[in-house]
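Notes for the structure review
Residue-level listing of the chains:
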Amino acid sequence: MKEIKATNECRHEIGYKLMRPIVSWNYKRKYHPVVIGGENIPKTGPLVFCGNHRHKDDQYNVMLETKRVIHMLSKDEYFKGKSAWFYRAAGCIPVDRSIHDENAKSEARAILHSKGCIGIFPEGTRNEVTSKDEELEKLVKILNIPKEEIIEKIKYKSIRTTQVNLLIELKNQNKITKDELKEFVLDADNALLKLLKKKIIKEEEYNESLLLPFKFGAVSLAKKENALIIPFATTGLYNGEKNQLITRIGKPLDVSGMELEDANKLLRQTMIKLMQKSE
């Protein structure tokens, strides 16, 4: 392993622990999250927390269920703005997503090597149409209404990019009409469930639409440092209503003796099952 100077202490465990009660109180007051399976988080040993990613606050749903410090791998843009101090104090690890960031990997390995915890979103980016302009533009073209109006219509719906793409593909294959596409994209998940029931799509197609393709960083780090993976899945809405936001934490996965492809497949299948239990 590449030698680095960074340690858990350098990543501000003290800052994390000091901020945790305040962040926890504010987050719970704002969103009223329901978290199931907190007992599956081991109290000792190296852990890699892996979850699906649709909202900027997804990580808090699992971070608040354990007193252990979780060092989230976060895009380096967060360390350049006005909130940079928060991410540094919270012990996050900056990742340059334009390259294979060896510094980030080395720092993550150092934390795991010292029996600490890291957090990764295997999808690599948010699977939500409003998170990127190019994805939002797809809805603009389909619905032929201004971007601002679309954002207002879907701001609490958290529509998956992957599910919009599947609906577009179904329209191109003449399995749904243009009018149906316009109707379905604003409630993509429920629309696809109805299409599944009508056997217009297969169960495998629906399952794959729940997540973006997984990167291999999480399972690779877990294997190299003999760490357990803690899968979690968050579903529902960040609208502040009670019982709307649900996170399920699965049992630890030991991928130490598995090939990367098989480990990544197991992680993905586990997260899909957790998501389907929640929805």
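Relevant structure appears above.
Reference entry: report on the structure contained in this document. Everything numeric in this text was worked out from a predicted model, so none of it was measured. (Residues numbered from 1 in each chain as written. Predicted model: local features only at pLDDT ≥ 70, side-chain atom pairs only at ≥ 80, totals over all residues. Heavy atoms only, no water.)

So, the sheet that holds strand β4 (residues 93-95)
Reading across from one edge, β1-β7-β6-β2-β5-β3-β4 is the order of the 7 strands in this open sheet, with mixed pairing throughout. In this open sheet, the two strands that pair with only one neighbour each are β1 (34-36) and β4. Averaged over all pairs of adjacent strands, the angle between strand axes in this sheet comes to 25°, irrespective of strand direction. Helix-sheet contacts for helix α4 (residues 102-113) involve β2 (47-51), β3 (70-75), β4 and β5 (117-120), and the interaxial angle to β4 is about 150°. Contacts from helix α11 (residues 217-224) reach β2, β5 and β6 (228-236) within the one sheet, and its direction differs from that of β5 by about 160°. (Pairing = 2+ DSSP bridges. Helix = DSSP H or I, 4+ residues; strand = E, 2+ residues; numbered from the N terminus. Axes fitted to C-alpha atoms, helices over the stretch in contact; angles between N-to-C directions. Contact = heavy atoms within 4.5 Å.)

Quick look at the pairing of β3
One ladder, built from 3 bridges, connects β3 with β5; its direction is parallel. Across the sheet, the residue bridging to H71 is I118, located in β5. As paired elements, β3 and β4 share 3 bridges and run parallel to each other. Note that in β4 the partner of L73 across the bridge is I93. In this view, the connection linking β3 to its parallel neighbour β4 by way of helix α3 (residues 84-89) has right-handed handedness. (Right-handed = clockwise from strand over helix to strand, strands pointing away.)

Description of the packing of aromatic side chains
Under the counting rule described, the total for this entry stands at 7 aromatic pairs. When the ring of W85 is compared with that of F86, the centres are 5.8 Å apart and the planes differ by 90°; the resulting orientation is edge-to-face. Under the relative-accessibility criterion, W85 is labelled exposed at 54%. Through a chain of ring-to-ring contacts, the aromatic side chains of Y78, F79, W85, F86 and Y87 assemble into a single cluster. Across from the ring centre of F214, 5.2 Å away, lies the NZ or CZ of R268, which sits over that ring. (Phe/Tyr/Trp six-rings, centres within 6.5 Å; stacked < 30°, edge-to-face > 60°. Buried < 20%, exposed > 50% of the residue type's maximum accessible area, 1.4 Å probe, protein only. Lys NZ or Arg CZ within 6 Å of the ring centre and 35° of its normal.)

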